[in-house]
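Results of the structural survey
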Amino acid sequence: MASATLEVLVLALIPAIFWGFTPIFDKRGMAAGGGSVQASLVVVVVDSAIYWLLIAVLYGRSAFSGLTLEVLAVFVFAGVIGTALGRITIFVGVDKVGASLNSTILSTRPLFATLIALAFLGEPLGPVTGVGIVILVAGLAVLTASKGGDLAGWQPRDLLWPIAAAATFAVANVSRRYGMLETPISALEAVAINETAGLIALLAYVAAVGGRDVLERPRASYTYFAGSGLLTTVAMLSLMAALGLEEGRIAIVDPLVATAPLFTLLFAAVLLRDLERVTKGVIVGATLVVVGAVLITL
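These remarks concern the structure in this document. Every residue gets a number counted from 1 within its own chain, in the order that chain's sequence is written. Two thresholds apply to this predicted model, a pLDDT of at least 70 for residue-level local features and 80 or more for giving and counting side-chain atom pairs, whereas whole-chain, interface and lining totals are computed over all residues. Side-chain calculation: all heavy atoms of the structure are included, whereas hydrogens and water are not.

1. Some details on helix α4 (residues 99-106)
Each residue's exposure class comes from its accessible area (1.4 Å probe, protein chains only) as a fraction of the maximum for that residue type: buried when under 20%, exposed when over 50%, partly exposed otherwise. Secondary structure elements are defined from DSSP: runs of H or I of at least 4 residues count as helices, runs of E of at least 2 residues count as strands, and each element is numbered from the N terminus. Of all eight residues making up α4, eight are buried, and the element is well covered by its neighbours. Buried within α4 are the following residues: Ala99, Ser100, Leu101, Asn102, Ser103, Thr104, Ile105 and Leu106.

2. Regarding helix α12 (residues 260-271)
Expected helix span is given by 1.5 Å per residue-to-residue step, counting one fewer step than there are residues. Helix length check: α12 (twelve residues) gives 16 Å between terminal C-alpha atoms against 16 Å at 1.5 Å per residue, within 8%. Every buried residue of α12 is accounted for by Ala260, Pro261, Thr264, Leu265, Phe267 and Ala268.

3. Considering the packing of aromatic side chains
Each Phe, Tyr or Trp ring (for Trp, its six-membered ring) is paired with any other whose centre lies within 6.5 Å, and the angle between the two planes then decides the class: stacked below 30 degrees, edge-to-face above 60, tilted in between. Within this structure, the stated rule accounts for five aromatic pairs. On the numbers, 4.9 Å between centres and 85 degrees between planes, the contact of Phe21 with Phe267 is edge-to-face. Of this pair, Phe21 sits in helix α1 (residues 2-31) while Phe267 sits in helix α12, and the two are 246 residues apart along the sequence. Classification of Phe21 by relative accessible area gives partly exposed; the value is 24%. Taking 6.4 Å as the distance between ring centres and 65 degrees as the angle between the ring planes, the aromatic pair formed by Phe25 and Tyr224 counts as edge-to-face. Taken together, the residues Phe25 in helix α1 and Tyr224 in helix α10 (residues 219-244) connect sequence positions 199 residues apart. With relative accessibility at 23%, the residue Phe25 sits in the partly exposed group. When its relative accessible area of 30% is taken as the criterion, Tyr224 is described as partly exposed. An aromatic cluster is present here, built from Phe21, Phe25, Tyr224 and Phe267 joined pairwise through their rings.

4. Things to note about the packing of helix α3 (residues 69-97) against α4
Each axis is a line fitted through C-alpha atoms, and for a helix only the stretch in contact is used; angles between axes span 0 to 180 degrees, taken between their N-to-C directions. Between α3 and α4, whose axes approach to 7 Å, the crossing angle comes to 135 degrees. Taken together, the axes of α3 and α4 are oblique relative to one another. Between α3 and α4 lies a crossing whose hand is right-handed. Between α3 and α4, the contacting residues are Ile90, Gly93, Val94 and Val97 on the first element and Ala99, Leu101, Asn102 and Leu106 on the second. Amino acids are sorted into nonpolar (Ala, Val, Leu, Ile, Met, Phe, Trp, Tyr, Cys and Pro), charged (Asp, Glu, Lys and Arg) and polar (every other residue, Gly among them). When the residues that make up the contact of α3 with α4 are grouped by side-chain class, the tally is six nonpolar, two polar and no charged. Each angle receives one of four descriptions, namely roughly parallel if under 35 degrees, roughly antiparallel if over 145, roughly perpendicular if within 65 to 115, and oblique otherwise. Left-handed describes a crossing whose near helix is turned anticlockwise from the far helix through less than a right angle; right-handed describes the clockwise counterpart. Contacts: residue pairs with any heavy atoms within 4.5 Å of one another.

5. Notes on unusual backbone geometry
A positive phi is found at Phe64, a non-glycine position, where the angle reads about 65 degrees. As for its position among the elements, Phe64 is in the loop between α2 (36-58) and α3.

6. Let's talk about the packing of helix α6 (residues 127-144) against helix α13 (residues 280-297)
Closest axis-to-axis distance for the α6/α13 pair is 7 Å, and the angle between their directions is 160 degrees. Comparing the axis directions of α6 and α13 gives the class roughly antiparallel. Our pair here, α6 against α13, has a crossing hand that is left-handed. Of the residues in α13, those in contact with Val128, Thr129, Val131, Gly132, Ile133, Ile135, Leu136, Ala138, Gly139, Leu140, Val142 and Leu143 of α6 are Gly281, Val282, Val284, Gly285, Ala286, Leu288, Val289, Val291, Gly292, Ala293, Leu295 and Ile296. Counted by class, the contact of α6 with α13 contains 18 nonpolar, six polar and no charged residues.

Written out as structure tokens, the structure reads:
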């Protein structure tokens, strides 16, 4: 039992660390001349290829045997909203306010998910959730006044980009949760559909606006974004593995994964000194946001 619990902790910390490090790649890629749509496309191409390869190896012809048209539509919707639109807003946020602030504000996803559940599902707010919301909002206020993040400076309205990303991911996550409850397909199959739908949406957008303007970017930016995609894939697979264990309860895994912004702060303070600043206000604000997100999740 002890070794199994340790395995869950390790598997849950891997996505926290990797998702804490991906914003560093994202910021470097944007600083190297990359664009938000290009970045989103590269990341999705990398993770989709790996997911489909794993499905071919692990499931073969039996893959997607329990898939229905309704569930397919749910995951396609989640992919378009979360993978395509959500990732674009993430990269714009990284470029505007910096990796440290963007990563922290993305952790407000549970707040939006709770509000969606309250509005559309009629789920009540418990006292712990209420305290978590207050702490999280206080953290956002501290971040706004922190004078940290991108060295070039940013306006309070620029925070709308990571907030929008958090909202789109919350909508997508609620959809994915519904889809997983309604189908016997595995999490790996579900995420493959999700990412492929996002990839198709991004390709359609690139074709509509002209691929040359989107894709003609410095080679270094492609390297950084491919690294981000690889880390994202490993993080997602590790998360699924943690949740798949008998001891991998949401109450254990989610709070550990929610610490990703704290790792981003550490990495940014060391590796992005030439691009952004990590102030005491950023550290305090990030800590409050993480604590609030964990309470809301619990």
